[in-house]
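# A closer look at the structure
Read off the chains here:
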Amino acid sequence: MTNLAKDEIIKRLQQAGIKPTTQRVMILDYLLRNLDHPSSEKIFQDLHSQDSVLSKATVYNTVNILLDKGLVAVLETGDEVAHYDVELHEHAHFQCHSCRKIWNVALPDMEVNNPSLPEGFISTGVQVLVKGYCVDCANSLQV
Ligand SMILES: [Zn+2]
Ligand SMILES: [Zn+2]
């Protein structure tokens, strides 16, 4: 699932009806290689060094197109920044309080498809966010 060949990325964009410009290919490639749910700011910072022509607006617009066409999902963690996720299968997230990084983790065993909701409510999905400390931060806390 990582390191897709460039033509596969182009194909994926075309299948979704997105014109595969160099910068769109670069941004989707970045998202497929960086599974830590980067924000558009982070994507811009990391890619700007490779392509100085790339603007924040291009990153922002591209991510919105990818979102619109269902190639990425957005993840709200309550820190007021949208994080982007190329893993579209149902999964849970773990966010470290200290370094703020986000990992994909397996969905805990729960009644995802049948949560106990009040009568008449309709569920369209479940988002699970586990918070805590990653192993690196946990180690540095226990001095
Ligand atoms: Zn951490
Ligand atoms: Zn994820």
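Above this text is the structure in question.
Residues numbered from 1 in each chain as written. Chains lettered and ligands numbered in written order. Predicted model: local features only at pLDDT ≥ 70, side-chain atom pairs only at ≥ 80, totals over all residues. Heavy atoms only, no water.

### Some words on helix α4 (residues 56-68)
To be explicit about the condition: Only DSSP runs of H or I reaching four residues or more are called helices, and only runs of E reaching two or more are called strands; each is numbered from the N terminus. Helix span, as expected, comes to 1.5 Å for every residue beyond the first. Using a 1.4 Å probe on the protein chains alone, a residue whose accessible area is under 20% of its type maximum counts as buried, one over 50% counts as exposed, and one in between counts as partly exposed. Summarising the geometry, the arc corresponds to the directions from the helix axis toward the C-beta atoms. Residue contacts are counted whenever heavy atoms from the two residues lie within 4.5 Å of one another.
Between its first and last C-alpha atoms α4 spans 18 Å; for 13 residues at 1.5 Å apiece the expected length is 18 Å, and the two agree. Within α4, the full set of buried residues consists of Val59, Thr62, Val63 and Leu66. In a view along the axis of α4, the buried residues occupy a sector of 100°, so they form one face of it. Residues Tyr60 and Asp68 are exposed on α4 and point more than 90 degrees away from its buried face. Contacts from the buried residues of α4 go to α1 (6-15), α2 (22-33), α3 (40-48) and β2 (82-85). Positive phi shows up at Gly70, right after α4, with a value of about 80°.

### Observations regarding the environment of Ser55
For Ser55, the location among the structural elements is in the loop between α3 and α4. Under the relative-accessibility criterion, Ser55 is labelled partly exposed at 29%. The spacing of Ser55 and Pro108 is 53 residues in sequence and 39 Å in space, taken between C-alpha atoms.

### Quick word on the coordination of the zinc ion (ligand 2)
Our working definition: A 2.8 Å cut-off from the metal defines N, O and S donors, relaxed to 3.2 Å for Na, K and Ca; water is not in the atom list, so some sites may appear incomplete.
Looking at the metal site, the zinc ion (ligand 2) is ligated by His37 (NE2), Asp85 (OD), His91 (NE2), His93 (NE2) and Asn104 (OD1), spaced 2.0 to 2.1 Å from it. On the basis of relative accessibility, which here comes to 2%, the residue His37 falls in the buried class.

### Thoughts on the packing of aromatic side chains
The condition is simple: Ring geometry is summarised as follows: Phe, Tyr and Trp rings, the Trp one being its six-membered ring, pair when their centres sit within 6.5 Å, and such pairs are stacked at plane angles under 30 degrees, edge-to-face over 60 and tilted between the two.
Taken as a whole and judged by the stated rule, the model has one aromatic pair. Their ring planes at 65° and their centres at 6.2 Å tell us that Phe94 and Trp103 sit as a pair that is edge-to-face. For Trp103, a relative accessible area of 34% translates into the label partly exposed.

### Regarding the layout of surface pockets
The condition that has to hold: Whether a set of points on the 1 Å grid over the protein atoms alone is a cavity depends on a 1.4 Å probe fitting there but being unable to get out, while an open set qualifies as a pocket with protein on both sides within 12 Å along at least five of seven lines; lining residues are those with an atom within 4 Å of a point. Grid points are joined across faces, edges and corners, and a volume is the space filled by probe spheres set on the points. Under the scheme applied here, ten amino acids are nonpolar (Ala, Val, Leu, Ile, Met, Phe, Trp, Tyr, Cys and Pro), four are charged (Asp, Glu, Lys and Arg), and all others, including Gly, are polar. An automatic or database domain assignment is the source of the domain bounds shown.
Of the pockets and cavities examined, the largest pocket occupies roughly 280 Å³. Every residue lining the largest pocket is counted, 16 residues in all, and those nearest its centre are His89, His91, His93, Val126 and Gln127. Top element by residues in the lining of the largest pocket is strand β1 (residues 73-76). It accounts for three residues. The class makeup of the residues in the lining of the largest pocket is seven nonpolar, six polar and three charged. A domain split of the lining of the largest pocket shows at least three residues from each of domain 1 (6-84) and domain 2 (89-141). By volume, the second largest pocket amounts to about 230 Å³. What lines the second largest pocket is a set of twelve residues, and nearest its centre among them are Arg12, Leu32, Val86, Glu87 and Leu88. Classifying every residue of the lining of the second largest pocket gives eight nonpolar, two polar and two charged.

### A closer look at the pattern of salt bridges
Rules: The salt bridge definition used is simple: a Lys or Arg side-chain nitrogen within 4 Å of an Asp or Glu carboxyl oxygen.
One pass over the structure, following the stated rule, counts three salt bridges. Among the ionic pairs, Arg33 bridges to Asp29, the shortest N-O distance being 3.0 Å. Of this pair, Arg33 and Asp29 are both found in helix α2, four residues apart, which corresponds to roughly one turn of the helix. Lys42 serves as the salt-bridge partner of Asp46, at 2.6 Å between the closest nitrogen and oxygen. Of this pair, Asp46 and Lys42 both sit in helix α3, four residues apart, which is roughly one turn of that helix. We classify Lys42 as partly exposed; its relative accessible area is 34%.

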